[in-house]
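The chain contents come next:
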Amino acid sequence: MISLYRNKIIQGDCLELLKQIPDNSIDMTFADPPFNLKKGYKSYRDSLALQEYLNWCEQWISEMVRITKPTGSILLHNIPKWLTYYATFLNQMADFKHWISWDAPTSPMGKTLQPNHYGILFYAKQAKQLKFYEVRYPHKRDRKSSYLLKNYGGKKGGLHPFGSLVSDVWTDIHRVKHNKYRDEHPCQLPIHLLERLILMTTDENDTVLDPFSGTGTTAIAAKRLGRNYIGLELDSDYVQIAENKLAQESSNSKLGNCWVSFYLDKVITLRDEDWQYLQEFFQLPVLPEEIDAAPITLKSISQVPVTLQNQVKMATPTDRQDSYLQTILF
Ligand SMILES: C[S@@+](CC[C@H](N)C(=O)[O-])C[C@H]1O[C@@H](n2cnc3c(N)ncnc32)[C@H](O)[C@@H]1O
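What counts and what doesn't
- Residues numbered from 1 in each chain as written.
- Predicted model: local features only at pLDDT ≥ 70, side-chain atom pairs only at ≥ 80, totals over all residues.
- Pairing = 2+ DSSP bridges.
- Helix = DSSP H or I, 4+ residues; strand = E, 2+ residues; numbered from the N terminus.
- Axes fitted to C-alpha atoms, helices over the stretch in contact; angles between N-to-C directions.
- Contact = placed C-beta atoms within 7 Å.
- pLDDT = per-residue confidence, 0-100.
- Near = placed C-beta within 6 Å.
- Nonpolar A, V, L, I, M, F, W, Y, C, P; charged D, E, K, R; others polar.
- Parallel < 35°, antiparallel > 145°, perpendicular 65-115°, else oblique.
- Left-handed = near helix turned anticlockwise from the far one by under 90°.
- Buried ≥ 20, exposed ≤ 12 C-beta atoms within 10 Å, placed from the backbone.
- Right-handed = clockwise from strand over helix to strand, strands pointing away.

### What about the sheet that holds strand β7 (residues 163-165)?
(1) Moving on: Across the sheet, 4 strands lie side by side as β7-β6-β14-β13; this open sheet has antiparallel pairing. Pairing within the sheet leaves two strands with one partner each, and these edge strands are β7 and β13 (261-263). Strand-to-strand, the axes of this sheet are offset by a mean angle of 25°, without reference to chain direction.
(2) Moving on: As paired strands, β13 and strand β14 (residues 266-271) are joined by 3 bridges and run antiparallel to one another. Within β14, the residue paired with Tyr-263 across the bridge is Lys-266.
(3) Moving on: Here helix α5 (residues 191-201) sits on the sheet and contacts β6 (135-138), β13 and β14; the angle it forms with β14, its principal contact strand, is near 25°.

### Quick notes on the confidence of the model for the chain
(1) Moving on: Chain-level statistics for the chain give a pLDDT mean of 88 and a share of 91% at 70 or above.
(2) Moving on: For residues 313-330, every residue scores under 50 in pLDDT, and the model assigns this stretch 24 contacts once sequence neighbours within four places are set aside.

### Topic: the sheet that holds strand β2 (residues 26-31)
(1) Moving on: Reading across from one edge, β1-β10-β9-β2-β3-β5-β4-β8 is the order of the 8 strands in this open sheet, with mixed pairing throughout. Edge positions in the open sheet fall to β1 (8-11) and β8 (169-170), since each of these has one partner strand only.
(2) Moving on: Along the sheet face, α5 touches β2, β3 (68-78), β4 (95-103) and β9 (207-210) and points at about 150° away from the line of β2.

### Considering the site of the ligand
(1) Moving on: Cys-14, Asp-32, Phe-212, Gly-214 and Thr-217 are the nearest of the 23 residues found near the ligand.
(2) Moving on: Sorting the residues of the shell around the ligand by element identifies α2 (14-18) and β10 (228-233) as the ones contributing at least two each.
(3) Moving on: A per-class count over the shell around the ligand returns 13 nonpolar, 6 polar and 4 charged.

### Quick word on the packing of helix α6 (residues 217-224) against helix α7 (residues 236-247)
If you want to describe how two helices pack, look at the angle between their axes and the distance between the axes.
(1) Moving on: The interhelical angle for the contact between α6 and α7, taken along N-to-C directions, is 15°, at an axis separation of 10 Å. Put simply, α6 runs roughly parallel to α7. As α6 packs across α7, the resulting crossing turns out to be right-handed. Contacts from Ala-219, Ile-220 and Lys-223 of α6 reach α7 at Ala-242, Lys-245 and Leu-246.
(2) Moving on: Per-class residue counts for the contact of α6 with α7 are 4 nonpolar, no polar and 2 charged.

### Some points on the packing of α5 against α6
(1) Moving on: The geometry of α5 relative to α6 is characterised by a closest axis approach of 8 Å and an angle of 55° between their N-to-C directions. The angle between α5 and α6 falls in the class oblique. Here the hand of the crossing between α5 and α6 comes out right-handed. Two secondary-structure elements touch here, α5 through Ile-191, Leu-194, Glu-195 and Ile-198 and α6 through Thr-217, Thr-218, Ile-220, Ala-221, Ala-222 and Arg-224.
(2) Moving on: Within the contact of α5 with α6, the residues separate by chemical class into 6 nonpolar, 2 polar and 2 charged.

### Side note on the pairing of β2
(1) Moving on: Burial of β2 is extensive: 6 of the 6 residues sit out of reach of the surface.
(2) Moving on: Note: β2 against β3, 5 bridges, orientation parallel. Residue pairing for β3: Ile-26 is matched across the bridge by Thr-68.
(3) Moving on: Here β2 pairs with β9 via 2 bridges, running parallel. Looking across to β9, one finds that Met-28 is bridged to Val-208.

### Quick word on unusual backbone geometry
If a residue is not glycine, its phi is most likely negative; likewise, a peptide bond is most likely trans.
(1) Moving on: Positive phi, close to 60°, is recorded for Asn-7, a residue that is not glycine.
(2) Moving on: For Asn-7, the location among the structural elements is in the loop between α1 (2-5) and β1.
(3) Moving on: For Asn-7, a count of 15 C-beta atoms within 10 Å translates into the label partly exposed.
(4) Moving on: Even without being glycine, Asn-205 reaches a positive phi, approximately 75°.

### Digging into the pairing of β10
(1) Moving on: Most of β10 sits inside the fold, with 6 of its 6 residues counted as buried.
(2) Moving on: What you see with β10 is no split at all: Asn-228, Ile-230 and Leu-232 on one side and Tyr-229, Gly-231 and Glu-233 on the other are buried throughout.
(3) Moving on: Direction of pairing for β1 relative to β10: parallel, over a ladder of 4 bridges. If you follow Ile-9 over to β10, its bridge partner there is Gly-231.
(4) Moving on: Direction of pairing for β9 relative to β10: parallel, over a ladder of 4 bridges. Paired with Leu-209 across the two strands is Ile-230, which belongs to β10.
(5) Moving on: Between the parallel pair β9 and β10, the chain is carried across by α6, and the sense of this crossover is right-handed.

Structure, rendered in structure tokens:
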């Protein structure tokens, strides 16, 4: 049954469709459900009574846990208010790992503090068996001077040349703002947010499922990273947009043999364990102190060791439609 769904976006109600997916069959499940904030979706009324919304959420969350493998992860994106309820459901069915705080402005909610982050709940189906990889992101720098934003004092020499290990607070990924990257959808997530989650929790050829696929962000991230995907989505127009975009994508978000996440012409997430191999692709500071003023950059093809050049050519993402990825150095 699962092979009928693999690498497809299926139109329909996720509660019905999830029932067709076998127990313990998916490596990572990610959900970005409607937030019950009266958003203007085409096929879904985003304004249920409180208890009706929570009952509905509990049903699809239970299904997500059921279909996730014992080695797998369950990730839920929402505003903090709903995540507090989700955590109560999930604590009975899975093992809490993290509340990731994604620094991104959200809609004002009346007389409150200005909401400035979304949360991503990260649960392991079974903590002891969880598949998990530490990931790194580039050091934060001043946009104009390129100097490191944080003062590391005398410890600069010991900094990792690429960047820090990713923590549970993410401040380096911005919401999709430019219209040229936006679809006809009220709340599309950035692809590299999903790429980071996928690199952390899955391997090549694993399967990722998103029950609220929207215009296909999770599926695109999975395809770019050589993973299988299953997207479920109620609205046929969103399904069509996702399928059109997926047809333009290739599984080639790589440097040599390693899957990495790009944004514009930069690598913005890589696995810590891949650094040993990936460092050959980067211009590293000669003196450790140079890290202060010099952002890490990718080498040009002629500077990469000859033994790696063929792999680089194979991995070039030139067939991507996104104009930003056309500017990649290789
Ligand atoms: C917050 S959006 C997801 C956006 C998505 N992460 C993206 O980046 O495009 C929620 C989506 O869930 C869909 N939806 C609502 N109810 C659904 C249901 N019962 N089954 C499947 N999809 C549903 C909506 O049409 C909407 O596209």
